[in-house]
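Listed below, chain by chain, are the residues.
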Amino acid sequence: ILGLIVGQGLRLSVAGIVVMRPDEVHSWIYVLLVGVGLGVRNLATVDFWFQARTQGKYVMLSRSTAVIASAATKLALIAVGTGLASFVAVYAMEGILVTGCMLLWYVRTSEVPLRSWRYRRGVARKVLGESWPIIFTGFFWFAFMKVDQVMLGEMRGDAEVGIYAVAARISEIFHILPNLVFTS
């Protein structure tokens, strides 16, 4: 179910950028790469498995590994002087690395093998039916958090959006820290 929701969100994002910037194919690719990075992160069901068993250390180790590797790669890209496309690709790879690390920790620590996982349509339908308010709220929260960047890009340009996005990302730490303490 989460895969379907993420897939639809990615399609909407790409459609939105095509409408807003029809002549900028590179922007379409950037949105697609960022969407893939976010989508892979959202498919990390193992994250919830670890949280349910109060084993958040594996999630934090996975995320820390990915963030450190991503930061080191970005520093190397800055030193070499590459373009924006490289940084967007690193962002997508960070999501893949986080998910991969969590899966490795799952395989090492769980007694239930990955190949025993099964999709059950009835359970999925029930969960989706019960979770639509959370999905709805999450979608609008995300739109609320990012609409300022879209507006700034249309009014001032991409350079200002980049500066603002970095500042917004730093301020998000104060939203994330309480959640990390709560889930661990």
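Provided above is the structure to which this section pertains.
Residues numbered from 1 in each chain as written. Predicted model: local features only at pLDDT ≥ 70, side-chain atom pairs only at ≥ 80, totals over all residues. Heavy atoms only, no water.

## So, the overall build of the protein
Part 1: Helices and strands together make up the secondary structure of the protein, namely seven helices and zero strands.
Part 2: If you list the helices and strands of the protein from N to C, you get α-α-α-α-α-α-α.
Part 3: A buried classification covers 21% of the 184 residues belonging to the protein.
Part 4: Across the protein, every contact between residues at least 6 apart in sequence was considered, and the portion connecting residues at least 24 apart equals 63%.
Part 5: Accessible area of the protein: about 12,900 Å², with a carbon and sulfur share of 71%. (Helix = DSSP H or I, 4+ residues; strand = E, 2+ residues; numbered from the N terminus. Buried < 20%, exposed > 50% of the residue type's maximum accessible area, 1.4 Å probe, protein only. Contact = heavy atoms within 4.5 Å. Areas by Shrake-Rupley, 256 points an atom, 1.4 Å probe, with all protein chains shown as cover.)

## Quick notes on the pattern of salt bridges
Pairs can form between side chains of opposite charge whenever their charged atoms are close.
Part 1: Inspection of every chain in the model, using the stated rule, returns one salt bridge.
Part 2: Among the salt bridges present, the one from Arg 63 reaches Asp 47, with a minimum N-O distance of 2.5 Å. With Arg 63 in helix H4 (residues 56-80) and Asp 47 in helix H3 (residues 45-52), this residue pair connects regions lying 16 residues apart in the sequence.
Part 3: Taking relative accessible area as the criterion, Arg 63 reaches 30% and is therefore assigned partly exposed.
Part 4: Since its relative accessible area comes to 7%, Asp 47 is described here as buried. (Salt bridge = Lys/Arg side-chain N within 4 Å of Asp/Glu carboxyl O.)

## Overview of the packing of aromatic side chains
Part 1: Across all of its chains, the model carries four aromatic pairs by this definition.
Part 2: Between Trp 49 and Phe 50, the aromatic rings sit 5.2 Å apart at their centres with planes inclined by 75°, giving edge-to-face as the arrangement.
Part 3: Taking 5.2 Å as the distance between ring centres and 40° as the angle between the ring planes, the aromatic pair formed by Phe 50 and Tyr 58 counts as tilted.
Part 4: Among the aromatic residues, ring-to-ring pairing joins Trp 49, Phe 50, Tyr 58, Trp 105 and Tyr 106 into one connected group. (Phe/Tyr/Trp six-rings, centres within 6.5 Å; stacked < 30°, edge-to-face > 60°.)

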